[in-house]
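Inside the fold
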Amino acid sequence: MAATASVARLIGSSWGVALMGSAASSPIAGFPGPATVGGAVSRFSRAGIWSLTVSAGLTETSPDLGLGVSWRVRL
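Now for a description of the structure that goes with this document. Computed from a predicted structure; not experimentally measured.

1. Some words on the sheet that holds strand β1 (residues 2–11)
Spatially, five strands are ordered β1-β2-β3-β4-β5 in an open sheet, and the strand pairing comes out antiparallel. Bordering the open sheet on either side are β1 and β5 (65–73), each of which pairs with just one other strand. The mean inter-strand angle of the sheet, taken between neighbouring strand axes irrespective of direction, is 15°. Across 10 bridges, the pairing between β1 and strand β2 (residues 15–24) is antiparallel. The residue of β2 that forms the bridge with Val 7 is Leu 19.

Have a look at this one:
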C-alpha cells in the first residue's frame, strides 16, 4: 500500500511552489517502508514550464536525497 499527498500554490502569474510527501508499506519484512518529503519550485513562461524538485528520505529504505529538473514544452 502507498500514499502520496501534495499541496501546490501559484505565486503571481509565473511562479508556483509545491510541498509533497509519500509513504509506502515495506516490501521487505523487518524494514520500514520508504517515506519521503519534498518540495518544488516552478517557473511558467510562454515557452513552457521549468521545475526544480528536491526530496529527502525519512527512512533507511528511501533515498537520502533526490533532485530533479524538468522542462515541459508547450505544443
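2. Digging into the side chain of Ser 14
Counting through the fold element by element, Ser 14 comes out in the loop between β1 and β2. A polar atom in the side chain of Ser 14 sits 2.5 Å from the side chain of Arg 43. Those residues within four positions of Ser 14 in sequence are excluded, and the remaining contacts are Ser 42, Arg 43 and Phe 44.

3. What about the pairing of strand β4 (residues 48–57)?
Pairing geometry for strand β3 (residues 35–44) and β4, over nine bridges, is antiparallel. Residue pairing for β4: Val 41 is matched across the bridge by Leu 52. Between the end of β3 and the start of β4, which pair antiparallel, lie three residues. Where β4 and β5 come together, nine bridges link them in antiparallel fashion. Opposite Ser 55, over in β5, you have Gly 66 as the bridge partner.

4. Some points on the side chain of Ser 51
Among the structural elements, Ser 51 can be located in strand β4. A polar contact is formed between the side chain of Ser 51 and the side chain of Ser 42, at a distance of 2.8 Å. In contact with Ser 51, other than residues within four places in its own chain, are Val 41, Ser 42, Gly 68, Val 69 and Ser 70.

Reading the values: the criteria
- Residues numbered from 1 in each chain as written.
- Predicted model: local features only at pLDDT ≥ 70, side-chain atom pairs only at ≥ 80, totals over all residues.
- Heavy atoms only, no water.
- Pairing = 2+ DSSP bridges.
- Helix = DSSP H or I, 4+ residues; strand = E, 2+ residues; numbered from the N terminus.
- Axes fitted to C-alpha atoms, helices over the stretch in contact; angles between N-to-C directions.
- Polar contact = N/O pair within 3.5 Å; in protein donor to acceptor, adjacent residues only side chain to side chain.
- Contact = heavy atoms within 4.5 Å.

Nothing here speaks to function; it is geometry throughout.
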